[in-house]
Amino acid sequence: MKKILSLILVLVLVLACAAGFSGCGGGGEAPPSGGDSAPTDDADTGGEPAGANEVVYIGVFEPASGDNGAGGKQETLGVQYANSVQPTVEINGVTYDVKLKIVDNESSNDKAASAAADLVSAGCSVVLGSYGSGVSIAGGPTFEAAGIPVVGITCTNPQVTEGNDYYFRICYLDPFQGTVLANYAFNELGIDKAYCLSKLGDDYSGGLVNYFVDAFEALGGTCIEATFPEGNSDFTSYIATAQNEGCGVFFSPVSTEAAQLIVDQADAQGMSMPILAGDTWDSNVILQAASGKNVNITVTTFYQEGGDPAFDAGVKEWINSDSANLSNNGGDDTIAAVTAMGYDAYFVALAAMQKAGSTDPADVMAALWDTTYDGVSGAIAFDEIGDAIRDVAYVKTANVETGAWDFVTVQGVE
Amino acid sequence: MTEKKDKKEVLYSLIGIAVLLIVIIILEKTIPSTSILFSVLKKGAIYSLAAVSMNLLNGFTGLFSLGQAGFMLIGAYAYAILTMPVTIKLSDSVYKYYDCIVGFQLGLIPSMIIAGLIAALFAFLIGLPVLRLKSDYLAIATLGFAEIIRAIFQWDTIGPLTNGANVLRKYLDLTDVTLPFSNIPFPPTLFIFIVAGICIAIIKMLIDSSYGRAFKAIRDDEIAAEAMGIGLFKHKEMSFIISSFFAGISGALLSMYQYTVQASQFKTAMTYEILLIVVIGGIGSISGSCIGSFLFIACNEWWLRFLDESSNNILGLNIMRSGFRKVVFSIIIMIIVLFFSKGIMGEKEISIKRMVDRLRRKKPKPAVEEGAK
């Protein structure tokens, strides 16, 4: 009896849960203006009368949970938006419906292999992703073994494409980004002493600081390096050290959770030197943290909102049309650079399939080397390793009054 | 009488294992090797070994330890560093910011055994102070140890050995396993099953030996066990070291399976996953741990994935979206813990003989079930 009672209780809970889910989703579904939470639905039920089109699958290998869940969702949004804009592709005169197969790699190396295998089993012609280099490196061998090409969207670690012919990427690399930041600090800001803070045990911030220090010292500057342990929430001593040492810039390309704390505490301690960071800080989380505070945050990134007004307007309308998209984007309609990159990656994949004249992974892979595409984030072409040929990064700064990013300059390496 | 029964039991078990291995071989020959089925089978086998080694400690010796991820980390790193070819160690393709100080490389099997031995060595040293603690205190101490080990492996001062917090890769992985004395690739899933199977068999034999009976006596009542002349500390230390040895080997297998190793993945969450498998399978049941492991991995990484896809929504309900899988998964676990509080198997083991007997029961007189237990 007791058992039955508790079973009923659990069932009621589940149903309540489900009702709650559909309730909050349903509110967003109401407007018929393309307001599907699922662009994958869009592809098969959309306006196209041809129901008998052949189908080509594009895999989306992105984290939706774990440390990089927030960034991964924004990147996925870009791909989904691109799919809603262009749900079909014409290859050799045959129209294919493009369907997205989205898996969650949970930002974890040990889940990456099975997530990748799931995409392989689904018969994807090409895979896009991932946000976070670690999972891309871990998933790479699975795609390589299956012979499926992958287009990395914002994985900046050099090791992603090194030694793996099947991995391409459309973003710049950490050595480049570190050098760009060093150049910007030394030449544009006119600073010769930098404070570099990275997280102990985080290869992204550690690697970026390493490249920054190399480039900055080569230019003639000096650096003070420090690391903080995982879970640290008190950054006052690091900020105080940076101030006492007379550093001109606070370079801390750390994860967004730590970034929020750093921004708060820098404001509380009246730190006037600019805070410099890499592409991870290009997030509305940082904007929200910086809003109304007396801080100067400058980041390098892949795309600047306003770079392509038509794209911006389209994305914003699409994001606002559905509450699910809005929550995946962090609650507002600021366009993250990773969303723009996801959008470009989707079209690079389509361009490669058209160039190959086939949906066979091996043909797509062969065609990718010579694929070029003029995207919203700039022209994309691949070099002999499979990396994008990019020589500039966008520098932008957080406007603490409007809560938006202000464009500063386009910075290259000398 | 009992000896004859045991022989029959062993024979049936061996037949069962042989059938399992043959099925694996047939699957590997017929289904493409990149299928997710093999990912799940491989990882399931690796987690079975990790769960059984944890069960030896938690279920059979009654030591509530939460250091499993730490020992797996040691095993995974030891394996990766030992088998990485020297040319790659010297180039900067993996050790980008450090100069690797390990100037040699070893074969696959020796590295795996050394990985286990290093984990066992650490267990020996940690066990000296820690095993004098009991229940909750032991759990906290081992949990702390696992976290400390992870922090140390990420420390940049020993970067020349561990590559700091950066990934290790390009060591010998499953694609490098070959048949002895030849270059013919060995079926990877079969390899994992054989290694994990041998290790689990050794643990099973240990549990059935006089040492195993001493472990169980300690679990049931420490004071009574001591009064019977069982050296408490000696046996606890032995169980701890052996468990860690096999955790180290499962770490090595895990690093083979996932092609890359990074200390940041060996968080306490990993220990909890293994603990969950042990609890779901049944504390004190080896076959339960194995079944639990395959079920857990398959649900977590394969069967429930369709819940994440919004294209699978039916009846206009919008409940299926990214993350819904985790909700359903947690509810399943809650149901299991609520209604099967002893886990799938309780303290019993799967017995093929008993199954055969049950099938045959209709013809001959009822088999004596008590004896099989």
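Anyway, here's the lowdown on the structure attached to this text. What you see is a predicted model, and the numbers here were worked out from it, not measured in a lab.

Conventions and cut-offs
Residue positions are given per chain, counted from 1 along the sequence in the order it is written. Chain A is the first chain written and ligand 1 is the first ligand written, with later ones labelled in order. The model is predicted, so local features are restricted to residues of pLDDT at least 70 and side-chain atom pairs to those at 80 or more, both for listing and for counting; the totals for chains, interfaces and linings are taken over all residues. Note that water and hydrogens are dropped before the side-chain values are worked out from all heavy atoms of the structure. What makes two strands pair is DSSP finding at least two bridges between them. Helix numbers and strand numbers start at the N terminus; a helix is a DSSP run of H or I with at least 4 residues, a strand a run of E with at least 2. Lines fitted to C-alpha atoms define the axes, with helix axes restricted to the stretch in contact, and inter-axis angles between N-to-C directions lie between 0 and 180 degrees. Note on contacts: a residue pair qualifies if any of its non-hydrogen atoms lie within 4.5 Å across the two residues. Here roughly perpendicular refers to angles of 65 to 115 degrees, roughly parallel to angles under 35, roughly antiparallel to angles over 145, and oblique to all remaining angles. Two helices crossing with the near one rotated counterclockwise from the far one by less than a right angle form a left-handed crossing, whereas a clockwise rotation gives a right-handed crossing. Multiplying one less than the number of residues by 1.5 Å gives the expected span of a helix. Note on exposure labels: buried denotes an accessible area under 20% of the residue type's maximum, exposed denotes more than 50%, and partly exposed covers the range between, all computed with a 1.4 Å probe on protein chains only. We define a polar contact as two N or O atoms separated by no more than 3.5 Å, with the added condition that, inside protein, one atom must be a possible hydrogen donor and the other a possible acceptor, whereas residues neighbouring each other in sequence contribute only through side-chain atom pairs. Centre distance within 6.5 Å is the pairing criterion for rings of Phe, Tyr and Trp, where only the six-membered ring of Trp is used; planes under 30 degrees apart are then read as stacked, over 60 as edge-to-face, and the remainder as tilted. Only when the NZ atom of a Lys or the CZ atom of an Arg is both within 6 Å of the ring centre and within 35 degrees of the ring normal do we say a charge sits over the ring.

Across a sheet, strands are paired by hydrogen bonds formed along the backbone, either parallel or antiparallel in direction. Residues and elements named next belong to chain A. Taken together, the 6 strands give an open sheet; going across it, the order is 2-3-1-4-5-6, and neighbouring strands pair in mixed fashion. Among the strands making up the open sheet, the edge pair consists of strand 2 (88-91) and strand 6 (167-169). Put simply, the sheet's adjacent strands are angled 35 degrees from each other on average, direction ignored. Against the sheet, helix 3 (residues 69-85) makes contact with strand 1 (54-62), strand 3 (94-104) and strand 4 (126-128), and its axis sits at roughly 165 degrees relative to strand 3, the strand it touches most.

In this model, A:Gly129 is joined to A:Ser130 through a cis peptide bond whose omega is 15 degrees. Relative to the helices and strands, A:Ser130 resides in the loop between strand 4 and helix 5 (133-146). Phi angles above zero are rare outside glycine, and B:Asn163 is one such case at about 65 degrees. Along the chain, B:Asn163 falls in the loop between helix 7 (159-162) and strand 1 (168-169).

Attention now moves to the packing of helix 3 (residues 68-83) of chain B against helix 11 (residues 232-258) of chain B. Residues and elements named next belong to chain B. Two elements in contact, helix 3 and helix 11, have axes whose closest approach is 7 Å; the angle formed by their N-to-C orientations is 55 degrees. The angle between the axes of helix 3 and helix 11 places the two elements in the oblique class. Pair helix 3 / helix 11 crosses with right-handed handedness. Across from Gln-68, Phe-71, Met-72, Gly-75, Ala-76 and Tyr-79 in helix 3, the residues of helix 11 making contact are Phe-240, Ser-243, Ser-244, Ala-247, Gly-248, Ser-250, Gly-251, Ala-252, Leu-254, Ser-255 and Met-256.

All names here are of chain A. The terminal C-alpha atoms of helix 7 (residues 203-219), which comprises 17 residues, lie 24 Å apart, in line with the 24 Å expected from a rise of 1.5 Å per residue. All of the buried residues along helix 7 are Asp-203, Tyr-204, Ser-205, Gly-207, Leu-208, Val-209, Tyr-211, Phe-212, Val-213, Ala-215 and Phe-216. Those residues of helix 7 hidden inside the fold are in contact with helix 6 (174-188), strand 7 (193-199), strand 8 (222-228), strand 9 (249-251) and strand 10 (275-277). Where helix 7 begins, one side-chain oxygen reaches toward the backbone nitrogen of Tyr-204, 3.3 Å away; that side chain belongs to Asp-202. Where helix 7 ends, the next residue or the one after it, Gly-220, has phi of about 110 degrees, a positive value.

Looking now at the packing of aromatic side chains. Going through the model one piece at a time under the given rule, you end up with 32 aromatic pairs over all chains. Each ring, one from B:Phe193 and one from B:Phe294, has its centre 5.9 Å from the other, and the planes form 25 degrees; the classification is stacked. Separated by 101 residues along the polypeptide, B:Phe193 in helix 8 (residues 188-208) and B:Phe294 in helix 13 (residues 286-301) bring together distant segments of the chain. Pairwise contacts between aromatic rings join A:Tyr81, A:Tyr303, A:Phe311, A:Trp318, A:Tyr343, A:Tyr346, A:Phe347 and A:Tyr373 into one cluster. We note B:Lys89 situated over the ring of B:Phe104; from NZ or CZ to the ring centre the distance is 5.9 Å. Between B:Arg132 and the ring centre of B:Phe233, over which it is positioned, the NZ or CZ distance is 4.3 Å.

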